[in-house]
Structure formats: structure tokens, C-alpha cells
Amino acid sequence: VRMGKTDQIGHGVAGGPIDDIQGPTRPADDLNEKDLKMSKKNQYAIMYAAGLKPGPNVSLAYAIDIFRTRKLRESVMYLVFLFTFNVGAFIQRDVTDSHRYSQSVKNVIIARSFPTYPYYQSFENISTHEHVWLYLQEVIPQYLYAETWYNGDPYGPEEISTVMFTNRLVQAPRLRQIRRSSQNCSDLAWRLSYLNLDSRCHSGNYEGSSSADATDPIPGWPPGSFINYSSATELRQGSSSTQRGWYEGGGFIVDFPLNLTAEEVKLRMAHLKKEKWTGTETRAMFFDFALYNSAQRFFLGVRLNFEFLPTGKVQTSVSIRVMRLGFLTVGDYMSVVFDVMVYAIVLFYILEDLKKIWDGEHKYWYDAWHYLNWIMYTIFLLAFLFKIQFWLMSTEYINGEMGTDEETAALDFETLGWYYSQVWNWTSFNCIFVWFKAFSFFKYFNQRIANLAYAVLLCARELRDFLVVLFLMTFAFAIAFHTAFGIDVRENRTLPTTIFELFELFAKGNMPYDEIVRFNTYLGLFLILSFQIILSFIVIKLPAAILIRSFSNTRDKGVDDPMSKEFRAVVIKIISRAVKAVFYSGVKDEKKLFREEREKELEVALDQAAETAAAAAAVRNVDKPRTIKQTVKLIHNQSAEIGRNLATLTVSADKLFEVLAKKLKVERAGAGVGAVEAPVSLFRPPSRQAWKSPGQSGTKRAAPRHLPGTMALEGNKMVVPPDWKTFTNAEGHTYFFDTQTGQTQWDPPTILVATQLTAEEKRAARIEALGLTGLSTEAADLALTLEFEA
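What comes next concerns the included structure. (Residues numbered from 1 in each chain as written. Predicted model: local features only at pLDDT ≥ 70, side-chain atom pairs only at ≥ 80, totals over all residues. Heavy atoms only, no water.)

## A look at the overall build of the chain
If you tally the helices and strands in the chain, you get 22 helices and 20 strands. A total of 790 residues make up the chain; the buried ones form 38% of that total. The contacts in the chain between residues at least 6 apart in sequence include a share of 66% that link residues at least 24 apart. Accessible surface computed for the chain: about 46400 Å², of which carbon and sulfur atoms make up 59%. (Helix = DSSP H or I, 4+ residues; strand = E, 2+ residues; numbered from the N terminus. Buried < 20%, exposed > 50% of the residue type's maximum accessible area, 1.4 Å probe, protein only. Contact = heavy atoms within 4.5 Å. Areas by Shrake-Rupley, 256 points an atom, 1.4 Å probe, with all protein chains shown as cover.)

## A few points about the nonpolar core
One broad trend across soluble globular proteins is that nonpolar side chains are buried collectively. Membership of the largest hydrophobic core comes to 45 residues, with the highest contact counts inside it found for Tyr-135, Leu-136, Trp-277 and Phe-306. Sorting the residues of this core by element identifies helix H3 (95-110), helix H4 (129-144), strand E12 (252-255), helix H7 (262-274), strand E13 (282-293), strand E14 (298-308) and strand E15 (314-323) as the ones contributing at least two each. Broken down by element, this core gets its largest block of residues, nine residues, from H4. Contact partners of Trp-277, with chain neighbours within four places excluded, come to Trp-133, Leu-175, Gln-177, Arg-179, Ile-218, Pro-219, Ile-227, Phe-252, Val-254, Leu-272, Thr-282 and Met-285. Formed by 20 residues, the second largest nonpolar core is a distinct cluster that contains Phe-85, Leu-372, Phe-433 and Phe-441. (Core = buried A, V, L, I, M, F, W, Y, C linked by side-chain atoms within 4.5 Å.)

## Notes on the side chain of Gln-121
Mapped onto the elements of the fold, Gln-121 is located in the loop between H3 and H4. Polar contacts involving the side chain of Gln-121 include one to the main-chain carbonyl oxygen of Asn-125, which spans 3.0 Å. Setting aside chain neighbours within four positions, we find Gln-121 in contact with Arg-112, Ser-113, Phe-114, Ile-126 and His-131. (Polar contact = N/O pair within 3.5 Å; in protein donor to acceptor, adjacent residues only side chain to side chain.)

## Some details on helix H11 (residues 447-458)
The first and last C-alpha atoms of H11 sit 16 Å apart over twelve residues, in line with the 16 Å expected at 1.5 Å per residue. Residues of H11 that are buried: Ala-450, Asn-451, Ala-453, Tyr-454 and Ala-455. (Expected span 1.5 Å × (residues − 1).)

## Some remarks on unusual backbone geometry
Looking along the chain, the bond that leaves Trp-221 and enters Pro-222 is cis, with omega of 0°. Phi is positive for Met-164, which is not a glycine, with a value near 55°. In this structure, Met-164 sits in the loop between strand E3 (162-163) and strand E4 (167-169). Of note in this structure, Arg-236 is not a glycine but carries a positive phi near 55°. Tracing the backbone through its elements, the reader meets Arg-236 in the loop between helix H6 (232-235) and strand E10 (240-241).

## Quick word on the packing of helix H15 (residues 521-539) against helix H16 (residues 541-557)
Where H15 meets H16, the closest approach of the two axes is 4 Å, and the angle between their N-to-C directions is 0°. With respect to H16, the element H15 is oriented roughly parallel. Facing H15, whose interface residues are Ser-536, Phe-537, Ile-538 and Val-539, H16 presents Lys-541, Leu-542 and Pro-543. Of the residues belonging to the contact of H15 with H16, the class tally is five nonpolar, one polar and one charged. (Axes fitted to C-alpha atoms, helices over the stretch in contact; angles between N-to-C directions. Parallel < 35°, antiparallel > 145°, perpendicular 65-115°, else oblique. Nonpolar A, V, L, I, M, F, W, Y, C, P; charged D, E, K, R; others polar.)

## Comments concerning the pattern of salt bridges
All told, the structure shown has eleven salt bridges when counted by the stated rule. Ionic pairing is found between Arg-179 and Glu-281, a salt bridge with its closest N-O pair at 3.1 Å. Placement of Arg-179 in strand E5 (residues 174-179) and of Glu-281 in the loop between H7 and E13 is noted, with a sequence separation of 102 residues between them. Residue Glu-281 is classed as partly exposed on the basis of its relative accessible area, which comes to 26%. Via salt bridges that share partners, Asp-288, Arg-303 and Asp-412 belong to a single interconnected network. (Salt bridge = Lys/Arg side-chain N within 4 Å of Asp/Glu carboxyl O.)

## What to know about the packing of aromatic side chains
Enumeration according to the criterion identifies 42 aromatic pairs in this entry. Judged by centre distance (6.0 Å) and plane angle (15°), the ring pair of Tyr-101 and Phe-298 falls under stacked. Highlighted residues: Tyr-101 in helix H3 and Phe-298 in strand E14, separated in sequence by 197 residues. Accessibility classification places Tyr-101 together with Phe-298 in one group, the buried group. Measuring from centroid to centroid gives 5.5 Å for Phe-123 and Phe-306, while their planes differ by 80°, and the two rings are edge-to-face. Of this pair, Phe-123 sits in the loop between H3 and H4 while Phe-306 sits in strand E14, and the two are 183 residues apart along the sequence. For the pair shown, Phe-123 and Phe-306 are each scored as buried. Aromatic rings pair up to connect Tyr-78, Phe-81, Phe-85, Tyr-343, Phe-348, Tyr-349, Phe-380 and Phe-384 into one cluster. (Phe/Tyr/Trp six-rings, centres within 6.5 Å; stacked < 30°, edge-to-face > 60°.)

## Remarks on the packing of helix H12 (residues 460-485) against helix H13 (residues 495-507)
Look at H12 against H13: their axes get within 9 Å of each other, and the N-to-C directions meet at 120°. Comparing the axis directions of H12 and H13 gives the class oblique. The hand of the H12/H13 crossing is right-handed. Each of Thr-474, Phe-475, Phe-477, Ala-478, Ile-479, Phe-481 and His-482 in H12 lies in contact with H13, whose residues at this interface are Leu-495, Thr-498, Ile-499, Leu-502 and Phe-503. (Left-handed = near helix turned anticlockwise from the far one by under 90°.)

## Notes on the sheet that holds strand E19 (residues 744-745)
Overall, antiparallel pairing links the three strands, which are arranged E17-E18-E19 in an open sheet. Sheet topology places strand E17 (724-728) and E19 at the edges, where each strand pairs with a single neighbour. Pairing geometry for strand E18 (residues 734-738) and E19, over two bridges, is antiparallel. Bridge pairing in E19 places Phe-737 opposite Thr-744. (Pairing = 2+ DSSP bridges.)

## Considering the environment of Arg-448
In this structure, Arg-448 sits in helix H11. The sequence separation of Arg-448 and Arg-555 amounts to 107 residues, and the corresponding C-alpha distance is 8.6 Å.

## Considering the environment of Ile-546
Mapped onto the fold, Ile-546 is located in helix H16. Separated by 88 residues in sequence, Ile-546 and Leu-458 have C-alpha atoms that sit 10.0 Å apart.

## Looking at a nonpolar patch on the surface
Together, Phe-327, Tyr-333, Leu-381, Phe-384, Leu-385, Ile-388, Trp-391 and Leu-392 make up a nonpolar patch on the protein surface, roughly 760 Å² of accessible area in all. With six residues, the top contributor of residues to the nonpolar patch is helix H9 (residues 368-398). Following the sequence through the fold, Leu-385 ends up in helix H9. Residue classification places Leu-385 among the partly exposed positions, given a relative accessible area of 49%. (Patch = residues over 30% accessible without salt bridge, like charges linked within 9 Å, V, L, I, M, F, W, Y side chains within 5 Å.)

Here you go:
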């Protein structure tokens with residue numbers, strides 16, 4: 001079949017070449033020529049998807065075969081990949097227990113009120129320097145350096161450093177400070193000096209700065225000593241982030257060993273407070289500690305952040321990282337196995353895509369799903385790099401290569417936890433793309449889902465333009481709300497918080513109407529109403545109208561491509577077979593049950609006949625029941641064989657009569673109506689020499705065909721075999737014509753006469769005819785029985 005051409009979209013029939021492409025003659029199995037008409041673009045797409053380049057040796061039918069096999073393999077493999085990816089993620093991170101553990105620590109240490117404060121005051125309410133040092137002197141020693149149980153009994157030697165009864169401090173807590181020098185940062189310093197105002201720019205004016213330039217020694221512990229500045233490399237500390245920015249890992253540190261008592265910790269905190277350890281040059285202060293829960297094998301790193309703002313306020317935040325280190329259980333090793341499987345499959349996919357790029361050249365990038373593939377690969381690579389860094393740091397700590405951790409903080413649990421969080425942040429982000437990628441396979445399994453997929457693809461550009469317009473409108477209103485109400489309304493204090501507030505208004509309808517209208521009635525009312533109108537008529541209605549129109553066109557026109565239909569039929573067939581094999585393996589259909597019932601009835605009838613024959617033989621003192629049963633079976637088989645032979649002879653006779661009728665018609669047409677002479681134009685009579693000397697010259701007598709159970713007899717002019725006819729030449733002599741071979745002869749043909757055979761001779765003849773020679777007696781009997789039933 002040659003591919004047809006059209007001027008519009010170039011439709012053609014699958015199975016032939018494209019344009020001048022001559023391919024192999026291998027057909028596509030079960031392909032419907034009517035259903036597989038597709039555009040030339042789809043034809044090339046199938047070839048590239050099959051890993052073939054259009055050329056003189058490639059046909060569309062061959063590409064379809066490969067495409068169907070490859071797509072089925074890819075679908076099964078992606079199902080395995082989805083299962084492995086999700087199960088591995090759930091095994092490696094126990095989210096529920098991690099959340100409970102972190103919240104329990106947060107409620108006890110972070111949310112508890114100060115013991116000696118007259119009203120409720122917690123870490124989250126700290127706003128001044130006094131609150132900071134009160135928290136460090138009262139709350140921290142009470143919970144991290146407890147010495148007695150709830151009933152007043154003191155801790156034993158092995159129970160020191162116990163926190164909340166089931167957790168242990170794993171290294172010395174650390175207090176670290178980052179300082180910056182005060183500078184003259186105003187161009188109008190002479191005016192401020194004239195007014196006796198301070199023109200210095202303190203540390204708080206450098207928000208977000210990650211470096212510290214104030215490195216002069218400051219007072220420390222013990223009294224009279226000074227603390228030198230330590231770099232991030234010396235402390236083995238990584239940089240960290242807060243709500244205000246990033247901070248370097250260096251600074252001034254004070255460690256609190258694990259063997260201290262609560263009173264000793266309070267004494268050290270009081271000394272640092274007395275020495276004015278925090279001042280105008282203090283940019284930020286961090287208090288780090290780490291716990292271990294042996295029941296759930298969780299390590300928990302806590303960092304309490306105190307940021308000193310230019311307004312004089314202290315802003316607090318907390319970072320809690322929950323993680324597991326090392327490999328101690330079967331689940332830990334199983335997580336590694338799943339990780340290896342996931343990244344092995346990802347590597348296989350990368351190599352497959354690189355091969356497609358090499359084979360398809362620029363055609364590879366015509367498929368939008370391939371862009372999604374490379375986004376997934378990039379995210380998997382980032383997650384893998386973070387995992388490697390996490391494993392290296394944790395392995396060094398678990399193996400004890402960082403030295404003692406009772407006097408100092410050996411490991412930066414905040415940085416380690418940050419790497420751990422990044423692994424799962426990127427993994428969770430990639431989970432969206434992994435499942436979205438599965439959407440590309442859905443169209444091959446269900447036509448309704450295929451319609452949805454095509455509808456989204458057809459309106460993808462319009463939806464993209466709509467999202468751009470939506471973002472611009474949201475950004476414009478965010479600037480308006482932030483500029484007008486950012487000073488007075490908390491939700492509008494920053495541009496990001498204002499954008500999130502508008503999205504919350506879009507999702508929930510929540511907005512601080514009272515505060516906005518109170519500060520500016522007219523402007524606030526105008527902005528709120530205009531945003532609500534745009535939200536109602538554009539944001540909600542427009543995308544729904546775009547999708548409904550696209551889906552309606554898709555459903556009405558039926559853009560489901562033929563390969564999806566073909567692949568869907570194959571998948572349904574495979575699934576139905578698998579379901580029947582699993583759930584209906586013991587269930588038999590009606591034909592099989594009917595056949596088994598007939599076999600049982602025949603067996604019963606043969607047994608009854610054998611018993612009857614055995615009884616008759618017993619009367620004659622003959623005891624051969626088995627031979628009689630076999631004889632009955634052979635008679636039954638021979639009767640069936642005679643019936644089949646008669647049916648075959650009837651068909652052959654009908655065909656012979658048709659041939660003779662055609663020959664006679666041709667003969668009469670050549671000789672005229674009423675001619676009775678032999679059909680000389682179709683065959684020639686034998687020579688006169690053969691008549692005078694039969695057997696010496698001319699046509700010899702035909703050898704009889706051998707049939708089992710027959711005997712050859714000399715022929716005569718009155719009786720001839722079924723395939724022979726008698727004719728008379730012009731001289732009145734009779735000759736014989738074989739309608740099967742076209743042979744003529746003067747002598748009558750030999751006649752085969754059936755002879756009487758014994759049961760054993762008939763059985764041997766039947767075995768030889770069926771090609772069962774060489775089998776054992778039992779195997780031959782079984783084969784004859786099955787052949788008879790068939």
C-alpha cells in the first residue's frame with residue numbers, strides 16, 4: 001500500500017511508506033487500515049517515538065509495531081518507577097512521627113511561659129534585650145539541664161543530660177553572636193551633629209548582611225577572659241537563614257558542656273548579661289542544641305534565632321530539624337535499595353532520551369513532554385547531590401571522626417538538617433512532575449482521559465497568556481495595597497505578604513476589610529471592590545470558559561489519535577487476560593464443560609460396552625475384557641474415519657464435476673452444438689503403437705495409487721476408477737483419460753478394491769497415516785482417542 005497524499009494535512013494509510021519511503025513488508029499486527037489514517041506529522045512522530053528515522057528502509061507499519069511494543073514497555077516501567085519512588089519516599093521519611101516529635105519539643109521549650117514572669121511571656125513574644133536574657137537564664141537551664149525527676153528524685157549518673165524524660169543532649173549547646181561595626185552612614189552627618197543627634201549607623205541598619213566585620217575580642221567565660229572571633233571554617237558551621245536574611249557561620253561562641261548543672265548555666269548566662277554581651281553592634285545571636293530520641297531514633301537539631309533590628313526590637317524565630325542518621329534497621333537498608341532503584345531508572349531514562357536526541361535530532365524537542373523529562377532529571381540530580389552531602393556529614397559524625405561532643409558542639413545540626421530538608425523539598429517538588437508525567441500515559445488507557453489531555457494541550461497557550469495577565473494584575477494590586485496600607489496593616493507590611501494575602505482573598509475570601517477601610521475609607525473601598533470585580537469576572541470565569549470550549553471541541557471532533565486506540569485495545573486485552581488468569585483460573589467456559597461432559601459420557605458408554613462384552617465372554621469362558629474394550633474403541637474410531645473419508649470424497653466429486661462441466665462447455669463451444677467427439681483440443685489420444693503393442697511404446701499403464709487396506713485388480717472397459725473417463729476417437733476406438741493428471745492410455749486403468757483388514761492392521765495403518773510411528777502403545781492409543789474426539 002502506498003501512502004496517499006493530500007494538499008491539506010497529508011493523510012495516508014498506515015502500513016505503507018511515507019512519500020517516497022519504501023519500507024520492509026512486515027505488516028503491523030491487527031492494524032485496521034481505516035482507523036489508522038493519520039497526518040504526516042503523526043506519522044513522523046510515531047517513527048521518532050519508535051526510535052527510527054524516516055528513510056528508504058523504514059515503513060510506517062514497522063514503526064507502529066515497534067512503537068506499540070515500546071510504549072507498553074515504557075508504561076509498565078513507569079508504573080514500577082512510580083511505585084518505587086513513592087514507597088522509597090515514605091520509608092525514608094516518617095513525616096507523622098517527625099511532626100509529633102518536633103511539636104512536643106516546641107511546646108515545652110518554645111511555647112512555655114517564663115517561670116518568674118508575672119504574666120504570659122514565651123520565646124515567641126520576646127521583643128527586648130531584657131526578654132532575651134531572661135529566657136536564656138530561666139527557660140534554657142530549666143529544660144536542658146534538669147537534675148531531678150518530677151517527684152524530686154535526682155538523676156543518676158547515666159541519666160544526666162536527659163531532656164523531657166526520653167531525650168538526651170548529644171553535644172554541648174552553643175551560643176553564637178554575629179557583630180558588625182557602627183559606621184557613619186548619613187550624607188547629612190553635619191546637620192545631625194549640629195542638632196546633637198547620633199549619626200552612627202548601627203548593626204541593625206545592615207539587614208540581611210551575611211558577613212561580620214566586628215572581630216575585636218569581647219568578654220566571655222570565665223570572668224576576665226575574652227572571646228576571639230572564629231571563622232565559619234574554624235567552627236565548621238554553615239551559613240543559615242532567618243526571616244531577615246542569611247548569616248555566615250562564623251562569630252563569637254560560648255559552649256555549655258553537658259556536665260554542667262542548671263545553676264552553673266544560670267551563672268554563666270548572668271555573667272554574659274552583666275558584661276553586656278549583646279549591644280549596638282550585635283547583628284544576631286543563635287542558641288543551638290541537639291537531642292536524640294532512642295525510641296524513634298530521631299535526631300533533632302534546634303536553633304533559636306534572636307535578630308536585633310534597627311528599631312531596637314528583638315525579633316525571634318526558631319528552626320527545628322528532625323532527621324535520622326546511620327543505618328541500624330532493615331528499613332534503613334530498604335530505603336537505600338529503593339533509592340538505588342529510583343536513580344538507576346532515572347539514569348536509564350536519561351540514556352534513553354539522549355539516544356532519542358541522537359536519533360531524532362531537532363525533532364526530539366517538538367514534544368513538550370520531553371521538556372518535563374529534563375526538569376525532572378535536573379531536580380533528581382539536585383536531590384542526589386544534597387543526599388551525598390548529607391550522608392558524608394552524618395557518616396563522619398556517626399563514626400566519631402569529629403572528636404568529643406561533651407565539651408563543644410562538634411556537628412552543625414542546623415546545616416545537616418538543612419541539607420536533609422533540601423533533599424525532601426526537592427523530592428516533594430519533583431513528586432508533582434513525576435505524577436504529572438504519568439498523565440502522558442493516561443491517554444493510552446482511557447478515551448475520556450485522552451480527551452481531557454488533548455483539551456488542556458489545545459488551550460495551553462491561552463491558559464499561559466491568562467496566567468501572565470493574572471500575575472500582572474495581582475502584582476499591580478499588591479503594589480497598591482502595600483504602598484497605601486503597608487505601614488498600618490500587618491498583612492501588607494511587605495510586598496510578598498501582600499501578594500499572599502491577595503491569593504488568600506482569591507482562595508478563601510479573607511481580607512482585613514475593617515483595618516483597610518479604617519485607615520483610608522475611599523481608597524481602600526475602591527481597591528477592594530475593583531479587585532473583587534476582576535476576580536469574579538476574569539479570574540474565575542475566563543479559564544473555565546477556555547477549558548469548556550476546548551473540551552467541547554475535542555469531544556465533538558474526536559481528536560483521539562489512532563495509535564492511542566490501538567495501544568488501548570492491546571492493553572485492555574492484556575489486562576483482561578491477566579485478570580482471567582488470576583481470578584478465573586479455575587472457571588471453565590461452556591464449551592470446555594460441554595466437551596468434558598461428552599468425554600465422560602463416551603467413557604461411560606465404552607465401559608458399559610466393555611462390561612457387556614466381558615459378560616458375554618465369561619459365558620463362553622473367554623476372559624479378555626481389556627481387549628474387548630479396545631476393540632470397541634477401535635470400531636468407534638474406524639466409523640468416525642469412514643465418515644470423514646466420505647465427506648472428503650463428496651467434496652472431491654463436486655469439484656471434479658465442476659471441472660468436467662467447464663471442459664465440456666469449452667469443447668462444445670469449439671466443435672459446435674451437438675458435437676459428440678472427444679475433447680481433442682484439451683488432450684490428445686495415445687499413439688497407435690500403444691494400441692498395437694501396449695507397454696512397449698507410447699503411454700504406459702499408470703501405476704495404482706497405494707492406499708492402506710486395498711488390492712489392485714486388472715481394469716476393464718466396463719468399470720473404471722472415479723478419476724478416469726472413457727472417450728471414443730474418430731475411428732471408433734475407446735481410450736481412457738485421467739482427469740487428475742491429464743494422462744491418456746488405451747489400456748483400462750487398474751482398479752483398487754478394498755480388502756478386509758483385521759483391527760490390528762487397521763490400527764497400524766491409522767498410526768502410519770497420522771505419523772505416530774515410534775510412539776509407545778499407550779501414547780499411540782491416547783493420540784488416536786484425542787484425534788477421534790477432535
